[in-house]
Amino acid sequence: QIPELNKLQARYGTEKVRVVGVAMNERAKAAADNLVKEKGLDCVVLLGDKKVGEQCSLASLPATLIIDQQGIVSKQYEGQVGVDQLEEQVKTLLRG
């Protein structure tokens, strides 16, 4: 899903849409970092922990959160989510 999210970010520009990955352990972070490098993606991958999971109310992974410019989670998806669905949410926020 990261390549699709990267395309969404490219479509709107990093001033309006920024993709940030959060891996919940070192092994997952290393794998995500390798994917980003291998595919030449413009994406940041951070290392999260249990506290991050609790703060974001993550019940399962993967999860995708749409966070507005004030830092408020406006929409949260668990599992895979289509890029079209994400783009509709992004458009709603940008019209906002």
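Criteria and thresholds
Residues numbered from 1 in each chain as written. Predicted model: local features only at pLDDT ≥ 70, side-chain atom pairs only at ≥ 80, totals over all residues. Heavy atoms only, no water. Helix = DSSP H or I, 4+ residues; strand = E, 2+ residues; numbered from the N terminus. Rg over C-alpha atoms; globule rule 2.2 N^0.38 Å. Buried < 20%, exposed > 50% of the residue type's maximum accessible area, 1.4 Å probe, protein only. Contact = heavy atoms within 4.5 Å. Lys, Arg positive; Asp, Glu negative; His and termini not counted. Charge placed at Lys NZ, Arg CZ, Asp CG, Glu CD. Expected span 1.5 Å × (residues − 1). Arc of directions from axis to C-beta. Polar contact = N/O pair within 3.5 Å; in protein donor to acceptor, adjacent residues only side chain to side chain. Patch = residues over 30% accessible without salt bridge, like charges linked within 9 Å, V, L, I, M, F, W, Y side chains within 5 Å. Areas by Shrake-Rupley, 256 points an atom, 1.4 Å probe, with all protein chains shown as cover. Salt bridge = Lys/Arg side-chain N within 4 Å of Asp/Glu carboxyl O.

Draft legend 1. Representation of the overall build of the protein. Counting its secondary structure elements, the protein contains four helices and four strands. Here the C-alpha atoms of the protein give a radius of gyration of 13 Å, agreeing with the 12 Å that 2.2 N^0.38 yields for 96 residues. Along the first, second and third principal axes, the C-alpha set of the protein runs to 40 × 30 × 20 Å. Across the 96 residues that make up the protein, the buried fraction comes to 27%. Sequence separation of 24 or more characterises 46% of the internal contacts of the protein that already satisfy a separation of 6 or more. Charge centroids of the protein, computed over 13 positive and 13 negative side chains, lie 1 Å from each other.

Draft legend 2. Structural context of helix H2 (residues 26-39). Over its 14 residues, H2 runs 20 Å from end to end, which matches the ideal 20 Å to within 8%, given 1.5 Å per residue. If you check which residues of H2 are buried, you get Lys 29, Ala 32 and Val 36. Taken end-on, H2 shows its buried residues confined to a sector of 65 degrees, consistent with a single buried face. Exposed side chains of H2 directed beyond 90 degrees from the buried face belong to Arg 27, Asn 34, Lys 37 and Glu 38. In the core, the buried residues of H2 are packed alongside strand E1 (20-23) and strand E2 (44-47). Between the side-chain oxygen of the N-cap and the backbone nitrogen of Arg 27 there are 3.1 Å, and the N-cap of H2 in question is Asn 25. Note on H2: the residue one or two positions beyond its end, Gly 40, has a positive phi of about 65 degrees.

Draft legend 3. Examining a nonpolar patch on the surface more closely. Taken together, the side chains of Val 20, Val 22, Val 44 and Leu 46 present a nonpolar region at the surface, about 300 Å² in accessible area. Put simply, the parts of the chain that give the nonpolar patch at least two residues each are E1 and E2. Along the polypeptide, Val 22 turns up in strand E1. With a relative accessible area of 44%, Val 22 lands in the partly exposed category.

Draft legend 4. Highlighting the environment of Asp 42. Mapping Asp 42 onto the fold places it in the loop between H2 and E2. Using a relative accessible area of 39% as the deciding quantity, one classes Asp 42 as partly exposed. Separated by 33 residues in sequence, Asp 42 and Gln 9 have C-alpha atoms that sit 8.5 Å apart. Look past the residues within four positions of Asp 42 in its chain and what remains in contact with it is Asn 6, Gln 9, Thr 14 and Arg 18.

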